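Close look at the chain arrangement
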Amino acid sequence: MVRLALTELALVQFRSHAGARLSLDGRPVAIYGPNGAGKTNLLEAVSLLSPGRGLRRAPVGDLARQSAGVGWRIGAVLESCGQVHEIDSRADPDTPRRVEIDGKSAPQVALARIARILWLTPAMDRLWIESAEGRRRFLDRIAMSFTPAHAETALAYEKAMRERNRLLKDGVADRHWYGALEARMAEEGARLAANRRAALARIEAAQAGAETAFPQAALALAGPEGADLPDAEILAGIFARGRAADRAAGRTLSGPHRADMDATFVAKAVPARLCSTGEQKALLISLVLANARALAQDFGAPPLLLLDEVAAHLDAARRAALYAEIAALGAQAFLTGTGADLFTELAARAQYVAVSEQDGTSHVTQKDTP
């Protein structure tokens, strides 16, 4: 079976781990231990084997052990679609993060060519009831999983918008300056919207085509004028017409940067924001699993899944269903929980890692059984 699997993971001075090493075989990895022991730090390290700032979006300087006063390093061996790659991600104090793949320096975006990584964290549990910014970030992570260049498109759009906003705040009225920036914003913004629409379509198709214990969500783009338009000419017109109002506000009021993602629990025809806490969590899990199924088709292997404290909010039946879906997908999932009992249903289908903490330093112990 073609697979994507992390077979070696080594941490040096990363978060609470002075040093840690795991040898893995591609099965799901159940990580358990008390709160504050350093379980999520292991997941964060794996998330940094993908482009971006990882599952906590932490600044590079915050990733090193604060008591050590030195840099941090993540080393990994990744089996990806029949090839084996060595990855090194590190940063010295007050320096940007550096990435090497197979001994050669590489940009972060190159990580997306050899791996896809999805995650679900407790901080995302309030996704449906908090601001649109979190949902937009969640949606962009989905879009980037299918189209890695989506991240560069978003950065290009934001850069042009910042320049336009500076003109607005300074009260500049030169239409030529605005026209040039708006043309760039329109081109990148149309690409943003198209990527987002395509990602939602893939997710919905992957949900509809699966037998699953988790509920299906109907998804749609929403937001102010221009938030979901994949048409550069129309977007440019919206920006031009909005100059007066934008100048009064000192910022760009319409466009893809204001997009939102609407979700509805299909079986009940209820908006996600009005669902129970358990239903909202189940919808999130459903979307992550659908994203994984669709990626398995595109990439050729299922992605790595990072599921932080996901089992704590599921009853035994739902936990068993989740573990069964992970096994059927063939994904290497990294799951955390406070106790080994949360992973009883996984049995021999998983590897186990116990995490403890002493004097501010995390310690890991691999086990064959919980």
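Numbering of residues starts from 1 in every chain and runs along the sequence as written. It should be noted that, the model being predicted, local features are given only for residues of pLDDT at least 70 and side-chain atom pairs only at 80 or more, the latter also being counted only at that level, while totals for whole chains, interfaces and linings use all residues. Working from all heavy atoms in the structure, the side-chain values ignore hydrogens and water.

- The chain is annotated in an unreviewed UniProt entry as DNA replication and repair protein RecF of Rhodovulum imhoffii.
- UniProt positions are given in the numbering used here, feature names are shortened, and annotations may be inferred rather than shown by experiment. In its Sequence similarities (unreviewed entry) section, the UniProt record describing the chain reads: "Belongs to the RecF family."
- For the chain, the Subcellular location (unreviewed entry) comment in UniProt is given as "Cytoplasm".

**Describing the side chain of threonine 336**
- As for its placement among the helices and strands, threonine 336 is situated in strand E13 (residues 333-337).
- Each residue gets one of three labels from its accessible area relative to the maximum for its type: buried under 20%, exposed over 50%, partly exposed in between, using a 1.4 Å probe on protein chains only. Looking at threonine 336, the relative accessible area reads 1%, which means it is buried.
- Reaching out from threonine 336, the side chain makes a polar contact with the side chain of aspartate 308 at a distance of 2.5 Å.
- Identification of polar contacts relies on pairs of N or O atoms within 3.5 Å, with a donor-acceptor requirement for protein atoms, meaning one able to donate a hydrogen and the other able to accept it, and with residues adjacent in sequence counted only if both atoms are side-chain atoms. A polar side-chain atom of threonine 336 sits 2.7 Å from the main-chain amide nitrogen of glutamate 309. Runs of E in the DSSP output that reach at least two residues are strands. Runs of H or I that reach at least four are helices, and both are numbered from the N terminus.

**Some remarks on the pattern of salt bridges**
- By definition, a salt bridge exists where a carboxyl oxygen of Asp or Glu is found within 4 Å of a side-chain nitrogen of Lys or Arg. Scanning all chains against the criterion turns up 25 salt bridges.
- With a closest N to O distance of 2.7 Å, aspartate 260 and arginine 135 form a salt bridge. One end of the pair, aspartate 260, is in strand E10 (residues 260-265); the other, arginine 135, is in helix H2 (residues 132-146), with 125 residues separating them in the sequence. Of the two residues, aspartate 260 and arginine 135, both sit in the buried class.
- Of the charged contacts in the structure, one is a salt bridge between arginine 293 and glutamate 325, with a shortest N-O distance of 3.6 Å. Highlighted residues: arginine 293 in helix H7 (residues 277-299) and glutamate 325 in helix H8 (residues 316-329), separated in sequence by 32 residues.
- One network of salt bridges, in which partners are shared, links Arg164, Glu182, Arg243 and Asp246.

**Brief notes about the sheet that holds strand E4 (residues 72-80)**
- Between any two strands, at least two bridges found by DSSP are needed for them to pair. What the six strands build is an open sheet, ordered E2-E1-E4-E5-E6-E7; its pairing is antiparallel. The open sheet has two free edges, formed respectively by strand E2 (17-23) and strand E7 (104-105), since each of these has just one partner strand.
- The contact rule is simple, with two residues in contact once any of their heavy atoms fall within 4.5 Å. Helix axes use the C-alpha atoms of the stretch in contact, all axes being lines fitted to C-alpha atoms, and the angles between their N-to-C directions lie in the range 0 to 180 degrees. Seen against the sheet, helix H1 (residues 39-47) touches strand E1 (4-14), E2 and E4 and runs at an angle of roughly 115 degrees to E1.

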